[in-house]
Amino acid sequence: MSEPSDDGVVKHRPLPSVGIPLLRDEVRASRVRRIVGASVVGVGLLGALISVLVSPELWGLGGSAADSVDEPPVAADPPPLHELDEPEADLDDLDAPPVEELPAEEPLGDGEGTRVVRPFGTSPGFRPALVAAGCTGAEADQLISALDGVMDFRRCRPSHEMVIERDLDGHLSRFEYRASTTQIYEARRTVEGTLVGSQVEVPIERVRLRRGGTIQSSLGTALEAAGLGRTLVGVFVETFEREVNFNTQTRAGDTFRIIVDEERVGGELLRYGTVHAIEVRGQRVGAHRAFWFETSPDHGDFFDSTGRAVHGGWLRTPLRYDHLSSGFDPRRMHPILRRIVPHNGVDYAAGTGTPVWAAADGVVTFVGPRGANGNLVSLRHENGYETHYAHLSRFASGLARDARVEQRQIIGYVGSTGRSTGPHLHFGLKRNGRFVDPQAELNGPGRMMGAAHLGRFRRQVRDLERELDAIELPSTPAVDSAPEAPSEAAPAATADGEPTD
Ligand SMILES: [Zn+2]
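Along every chain, residues carry numbers that run from 1 in the direction the sequence is written. Given that this is a predicted model, residues contribute local features only at a pLDDT of at least 70 and side-chain atom pairs are listed and counted only at 80 or more, while totals for whole chains, interfaces and linings are drawn from all residues. Where side-chain values are given, they derive from all heavy atoms of the structure, hydrogens and water being excluded.

### Some words on the coordination of the zinc ion
Okay, step 1: For Na, K and Ca the donor cut-off is 3.2 Å, and for all other metals it is 2.8 Å, counting N, O and S atoms only; because water is absent from this set, sites may look incomplete. Donor atoms from the polypeptide that bind the zinc ion are His-343 (NE2), Asp-347 (OD), Asp-347 (OD) and His-426 (ND1), placed at 2.0 to 2.8 Å.
Okay, step 2: Four donors are marked tetrahedral only if all angles between them lie between 85 and 135 degrees, whereas four are marked square planar and six octahedral if opposite donors are more than 155 degrees apart and the other angles lie between 65 and 115; the remainder are marked irregular. Because the angles between the 4 donor atoms bound to the zinc ion fall within 52 to 154°, the donor set is best described as irregular.
Okay, step 3: Along the chain, the residues donating to the zinc ion fall in the pattern H-x3-D-x78-H. With a gap of 83 residues between them, His-343 in the loop between strand E12 (323-326) and strand E13 (346-349) and His-426 in strand E21 (residues 424-431) connect regions that are remote in the sequence. With respect to burial, His-343 and His-426 carry one shared label: buried. Counting from the N terminus, the helices are DSSP H or I runs at least four residues long and the strands are E runs at least two residues long. In this scheme, a residue with accessible area under 20% of its type's maximum is buried, one over 50% is exposed, and one in between is partly exposed, where area comes from a 1.4 Å probe on protein chains only.

### Examining the sheet that holds strand E8 (residues 255-265)
Backbone hydrogen bonds are what pair the strands of a sheet, in a parallel or an antiparallel way.
Okay, step 1: A pair of strands is considered paired only if DSSP assigns at least 2 bridges between the two. Spatially, E7-E8-E9-E10-E11 is the arrangement adopted by the 5 strands of the open sheet, whose pairing is antiparallel. Sheet topology places strand E7 (205-214) and strand E11 (299-303) at the edges, where each strand pairs with a single neighbour. Taken over all neighbouring pairs, the strand axes of this sheet differ in orientation by 25° on average, direction set aside.
Okay, step 2: By the bridge criterion, 10 bridges tie E8 to strand E9 (residues 268-282) in an arrangement that is antiparallel. Residue pairing for E9: Arg-264 is matched across the bridge by Leu-269.
Okay, step 3: Note on contacts: a residue pair is in contact if any heavy atoms of the two residues lie within 4.5 Å. For every element, the axis is a line fit to its C-alpha atoms; helices are fit only across the contacting stretch, and the angle between N-to-C directions ranges from 0 to 180 degrees. Each of E7, E8, E9, strand E10 (286-296) and E11 is contacted by helix H9 (residues 451-469), which is oriented at about 135° to E10, the strand it contacts most.

### Points about the pattern of salt bridges
Okay, step 1: Salt bridges are defined as contacts in which a side-chain nitrogen from Lys or Arg sits within 4 Å of a carboxyl oxygen from Asp or Glu. Counted under the stated rule, the structure contains 22 salt bridges.
Okay, step 2: The salt bridge involving Glu-224 is made with Arg-230; its shortest N-O contact spans 3.3 Å.

### Some words on the packing of aromatic side chains
Okay, step 1: Pairing of aromatic rings covers Phe, Tyr and Trp, the last through its six-membered ring, and needs centres within 6.5 Å; plane angles under 30 degrees mean stacked, over 60 mean edge-to-face, and all others mean tilted. Applying the stated criterion across every chain yields a total of 10 aromatic pairs.
Okay, step 2: On the numbers, 5.9 Å between centres and 65° between planes, the contact of Phe-126 with Tyr-177 is edge-to-face. Here Phe-126 is found in helix H4 (residues 126-132), whereas its partner Tyr-177 is found in strand E4 (residues 172-178), with 51 residues between them in sequence. In this pair, the class of Phe-126 matches that of Tyr-177, namely buried.
Okay, step 3: Centre to centre, the rings of Trp-292 and Phe-302 are 5.2 Å apart; their planes meet at 70°, and the pair counts as edge-to-face. Here Phe-302 lies in strand E11 and Trp-292 lies in strand E10, a separation of 10 residues in the sequence.
Okay, step 4: Under the relative-accessibility criterion, Trp-292 is labelled buried at 5%.
Okay, step 5: Owing to a relative accessible area of 2%, Phe-302 belongs among the buried residues under this scheme.
Okay, step 6: Taken together, the ring pairs connect Phe-120, Phe-126, Phe-153, Phe-175 and Tyr-177 into an aromatic cluster.
Okay, step 7: Our definition puts a charge over a ring when NZ of Lys or CZ of Arg is within 6 Å of the ring centre and also within 35 degrees of the ring normal. Positioned above the aromatic ring of Trp-357 is the side chain of Arg-408, whose terminal nitrogen or guanidinium carbon lies 5.1 Å from the ring centre.
Okay, step 8: The residue whose ring lies beneath Lys-430 is Phe-435, and the NZ or CZ to ring-centre distance is 4.8 Å.

### Notes on helix H5 (residues 137-147)
Okay, step 1: Considered for burial, the residues of H5 that qualify are Glu-139, Ala-140, Leu-143, Ala-146 and Leu-147. Projected down its long axis, H5 shows its buried positions confined to an angular sector of 130°, all on one face.
Okay, step 2: At its buried positions, H5 is contacted by H4, strand E3 (161-166), E4, strand E5 (184-189) and strand E6 (195-200).
Okay, step 3: Once H5 finishes, Gly-149 follows within two positions and takes phi at roughly 85°, a positive value. Each direction from the helix axis to a C-beta atom contributes to the arc, which is the arc of those directions.

### Observations regarding unusual backbone geometry
Okay, step 1: Despite not being glycine, His-391 has its phi angle at roughly 70°, a positive value.
Okay, step 2: Tracing the chain through its elements places His-391 in strand E17 (residues 385-392).
Okay, step 3: Positive phi is not limited to glycine here, since Asn-432 has a value of about 50°.

So yeah, pure geometry; function would need other evidence.
Right under this line is the structure:
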């Protein structure tokens, strides 16, 4: 479980941006230089994965039931996923984007020499990559000593780009290494003739957006209609997970508001930054607001207007998912086998490569392939709890048995290994050795903020409330106001517009 910090607030990993998977990368980069470097997360990341088909599969996790289900193979070729710029990707990762042959050389301009752009590619290391890109052995050695301590050579990835510039005499004048839009390193030839390395400062522009909208078919579609990315669905789902089930309770006509920073580089959207405040209102979901507040520069969380953290000690959903494809059900009729097979966990459909977080602080008790579970991580937590994360495409690098993990630490990535018909996370929870429903069990209230912060928090909330109130909701065609307690026939708008199983 989380340790309370000195101000009494449950210690969460900071959530400064929607691109949370980048956080560790950012931290590493900012240690090298004090600018925030980060890989680009496509805004349409979740959106691109929405259409992935996931058939529910049913089996017990790790127990004998897991292997007793003789599930016939289901032909379900999911549509191709968009390539993700995955910061933790391994060099030999099969998902690595294809290496394209780029033009060998292009002139820089009038009598200025040449400039070559090459991907890092499949080279086994930095030096071989430099040589493959046309550097001499001596040049490669000079570049390595110039960039040593500036960039981390072990973090080179096939998709990264290298730029080699030469003067008219063919001498190396400048080298650039582009790990992402914001992580760029260079080595320049000084007048003395030596190469000097540094990180290129990339200014990030922050624009505060205040947007609102009315949900017609899904929250994701409504966000897009408001000019925002579907990735922000995850913020709503995660923040209001105790109060709102976006898969079953959202109705056409419900509204949302959001205040979020957009971070841009050269006018292009890089990612979303801090989500300052969000609101949902609806017939069945009620009215909810949450406010981002930082109790220290690297420690923030969402709170309700009274100062209570929206999350308890657990992440009830240990990933940003597209939709819940199968709930916990000890007596569920298997749709294919047509007999009752317990489903000892919750299935969250999400794209391959979606980061999976530890639901709470704990210790790794298992990491590796395990039968029908595919690649499995199991964690032991305080008070007799265990969590299980199955079907992963791969594990977080360095994750090993007996390792300690913190809440929201990435432990693996969504996949479809083992008995699975499409990419999803099977999330199982045991209490004292028995499977229990994570959605019901991990639903405790969050803690109150420490009194020391309340004054500043209240002032901030007052301003944010005013800012939220000022967001005009577009007038929409009158929604037939269905009577309360709509019947089963009333279509549910889901978080992502996909029908649930
Ligand atoms: Zn499952």
